[in-house]
Amino acid sequence: FIEKRYLPWLKEERPNSYPSELSFWKNHILPLLGSRPIGELNPLDAERLKKAIKDKGLSPRMIEKGLQLLRKALNKAKKWKVLPESYENPVKFVD
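Cut-offs used in this document
- Residues numbered from 1 in each chain as written.
- Predicted model: local features only at pLDDT ≥ 70, side-chain atom pairs only at ≥ 80, totals over all residues.
- Heavy atoms only, no water.
- Helix = DSSP H or I, 4+ residues; strand = E, 2+ residues; numbered from the N terminus.
- Polar contact = N/O pair within 3.5 Å; in protein donor to acceptor, adjacent residues only side chain to side chain.
- Buried < 20%, exposed > 50% of the residue type's maximum accessible area, 1.4 Å probe, protein only.
- Expected span 1.5 Å × (residues − 1).
- Bend = angle between axes of the 7 residues up to and from the residue.
- Contact = heavy atoms within 4.5 Å.

A.B. asks: How would you sum up the side chain of D45? Please name residues and give values.
C.D. replies: Locating D45 in the fold gives a position in helix 3 (residues 43–55). Separated by 2.7 Å, the side chains of D45 and R48 make a polar contact.

A.B. asks: Describe in detail unusual backbone geometry, supporting the description with residues and values.
C.D. replies: Only a minority of non-glycine residues have a phi that is not negative, and only a minority of peptide bonds are not trans. Its identity is not glycine, yet K81 carries a phi of approximately 65°, on the positive side. Counting through the fold element by element, K81 comes out in the segment after helix 4 (60–79). When its relative accessible area of 64% is taken as the criterion, K81 is described as exposed.

A.B. asks: How would you sum up helix 2 (residues 18–33)? Please name residues and give values.
C.D. replies: Helix length check: helix 2 (16 residues) gives 19 Å between terminal C-alpha atoms against 22 Å at 1.5 Å per residue, more than 12% under. Its maximal kink placed at W25, helix 2 deviates by approximately 40°. Listing the buried residues of helix 2 in full gives Y18, E21, L22, F24, W25, H28, I29, L30 and L33. Tucked into the core, helix 2 has its buried residues touching helix 1 (2–13), helix 3 and helix 4.

Honestly, it's all geometry; don't read function into it.
Written out as structure tokens, the structure reads:
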């Protein structure tokens, strides 16, 4: 979903932020979570993403950016009916 639908949509709808967001996806999110179906992502996966970004020495702002990007993509998947209405975004459970 992310590479086939969300990122192409992002490129078209948000061309100014696309390059930086694409870079973040490719360097931080997809290597960790990319092989998992989005409907199987859970709060532990979101916590792992947070830890992985932190372990790379990135700032708290970059950690928040990573979680925000994942949250937005999952929300879009739900809006587009790729995920069921009952799906709870796992990012909302991250402290």
